[in-house]
Amino acid sequence: MNTPRLQILISTFAADGLHRVAAMNLPELDGIGYIVSCQDPERTVSAPAAILPPRRDLKLYMHSDRGLGLNRSHALGHAEAEFVLLADDDLQYSADGLARALQAMEEHPDTDIFAFRYSGADNKLYPPDMHDLSKPFKGYNFTSFELAFRLKAIRDRKLDFSPLTGVGAPYLTAAEESIFAERCLQQGLRGLFIPLTIVCHPGLTTGYRLASSAGFVRSTAAYIYVKYGIVSGVARCLLLAARVPLPYPRALVYALQGMAYAVKHRREL
């Protein structure tokens, strides 16, 4: 097929992940393609095509490392479309949702980062109307599979996901998309929230289920540092610890650990 206008970048892990991708029943649409980046450090996949049958609109790439931030970078590196949309392996796309997402992006030629909505059990808070992503909206945060980017804008600034972030990373096991999007905004990319539901996530998201884990709290604190800096960041970490469903002293320790780690590795985030 010709180069698609939009590619869905699906990050997954090992044979189980490829089975989940196969179960997604991805819609076939003109102008839209899929990239599946699968990390398999334990070599659980001997015959990828037996799990995920080849199709003309899908490209599969296997990698032997681990860490979701790194895997999203792999997927981004393989992309070639004008627009890319982040994705996981447990989503339900409709042809209409993807077509409307692409149309919305094409209608905003001055925008580089697009944030949409998903339907699911998390009951997430969104701005009621279109919203400039450089301006805070209280209670709203990024979710990976709602985010899309203009690929040229990302590559012109040599932006990538940090390998220190995301599920499977050594310390910061979440927030890879939030840190990446914030770095994009800091580099001058223009971002827009569009109140359009583009995908369904059955059940609770991983971030929602792991909100009280040490890795999630540390990752959130690292994102706070990237966005607000050290002085305001520490004050916000005090508030973060109070909101996490953990005993306050333990939550505060995790938050300050994440902040200290982010300061130490700021050039790698």
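## A short note on the side chain of Asp40
Relative to the assigned elements, Asp40 resides in the loop between β2 (32-39) and α2 (48-51). Among buried Asp, Glu, Lys and Arg side chains, Asp40 stands out as unpaired, with Arg43 the closest opposite charge at 7.3 Å.

## With respect to the nonpolar core
The biggest cluster of nonpolar side chains holds 87 residues, and the ones touching the most others in it are Ile8, Ile10, Tyr93, Phe116 and Phe149. If one sorts the elements of this core by residue count, helix α8 (residues 214-228) sits on top with 8 residues. For Ile10, the residues in contact, after removing those within four places along its chain, are Val21, Met24, Leu26, Tyr34, Ile35, Val36, Ser37, Ala87, Asp88 and Asp89.

## Digging into the packing of α8 against helix α10 (residues 248-264)
At a minimum axis distance of 7 Å, the contact between α8 and α10 shows a crossing angle of 50°. By the angle class used here, α8 and α10 are oblique. Considering only the axes of α8 and α10, their crossing is right-handed. Contacts between α8 and α10 involve Ala214, Val217, Arg218, Ala221, Ala222, Ile224 and Tyr225 from the former and Ala251, Tyr254, Ala255, Gln257, Gly258, Met259, Ala262 and Val263 from the latter. For the contact of α8 with α10, a count of residues per class yields 12 nonpolar, 2 polar and 1 charged.

## What to know about helix α6 (residues 176-186)
Burial analysis of α6 places 9 of its 11 residues in the buried class, which makes it a mostly covered element. Every buried residue belonging to α6 is among Glu176, Glu177, Ser178, Ile179, Phe180, Ala181, Glu182, Cys184 and Leu185, and all of these are buried. At the exit of α6 stands Gly188, carrying a positive phi of roughly 95°.

## Comments concerning α10
Taking 1.5 Å of rise per residue, 17 residues should cover 24 Å, and α10 covers 24 Å from first to last C-alpha, within 8% of that figure. On its buried face, α10 is in contact with α8 and α9 (230-243).

## Describing the pairing of strand β9 (residues 191-201)
Burial runs high along β9: 8 of the 11 residues are buried. Sheet analysis places strand β5 (residues 92-93) next to β9, joined by 2 bridges and oriented antiparallel. Following the sheet pairing, Gln92 is matched in β9 by Cys200. Note that strand β6 (residues 113-120) and β9 share 7 bridges and pair parallel. Its bridge partner lying in β9, Ala115 is registered against Phe193. In this structure, strand β7 (residues 131-132) lies alongside β9, joined through 2 bridges in antiparallel fashion. If you follow Asp132 over to β9, its bridge partner there is Leu192.

## Topic: the pattern of salt bridges
Summed over the entire model, instances satisfying the criterion amount to 14 salt bridges. Here Arg72 ties to Asp88 by a salt bridge, and the two come within 2.6 Å at their closest N and O atoms. Of this pair, Arg72 sits in helix α3 (residues 68-78) while Asp88 sits in the loop between β4 (83-87) and β5; the two residues are 16 residues apart in sequence, bridging distant segments of the chain. Grouping residues by exposure puts Arg72 and Asp88 together as buried. Arg150 is paired through a salt bridge with Asp112; the nearest N and O atoms lie 4.0 Å apart. Highlighted residues: Arg150 in strand β8 (residues 147-150) and Asp112 in the loop between α4 (95-106) and β6, separated in sequence by 38 residues. On the basis of relative accessibility, which here comes to 12%, the residue Arg150 falls in the buried class. Judged by its relative accessible area of 6%, Asp112 is buried. Salt bridges here are not isolated pairs; linked through shared partners, they connect Glu82, Asp112, Arg150 and Arg190.

## Describing the side chain of Glu182
Structurally, Glu182 can be placed in helix α6. For Glu182, the contacting residues outside a window of four places in its chain are Tyr223, Val226 and Lys227.

Calculation criteria
Residues numbered from 1 in each chain as written. Predicted model: local features only at pLDDT ≥ 70, side-chain atom pairs only at ≥ 80, totals over all residues. Heavy atoms only, no water. Helix = DSSP H or I, 4+ residues; strand = E, 2+ residues; numbered from the N terminus. Buried < 20%, exposed > 50% of the residue type's maximum accessible area, 1.4 Å probe, protein only. Lys, Arg positive; Asp, Glu negative; His and termini not counted. Salt bridge = Lys/Arg side-chain N within 4 Å of Asp/Glu carboxyl O. Core = buried A, V, L, I, M, F, W, Y, C linked by side-chain atoms within 4.5 Å. Contact = heavy atoms within 4.5 Å. Axes fitted to C-alpha atoms, helices over the stretch in contact; angles between N-to-C directions. Parallel < 35°, antiparallel > 145°, perpendicular 65-115°, else oblique. Left-handed = near helix turned anticlockwise from the far one by under 90°. Nonpolar A, V, L, I, M, F, W, Y, C, P; charged D, E, K, R; others polar. Expected span 1.5 Å × (residues − 1). Pairing = 2+ DSSP bridges.

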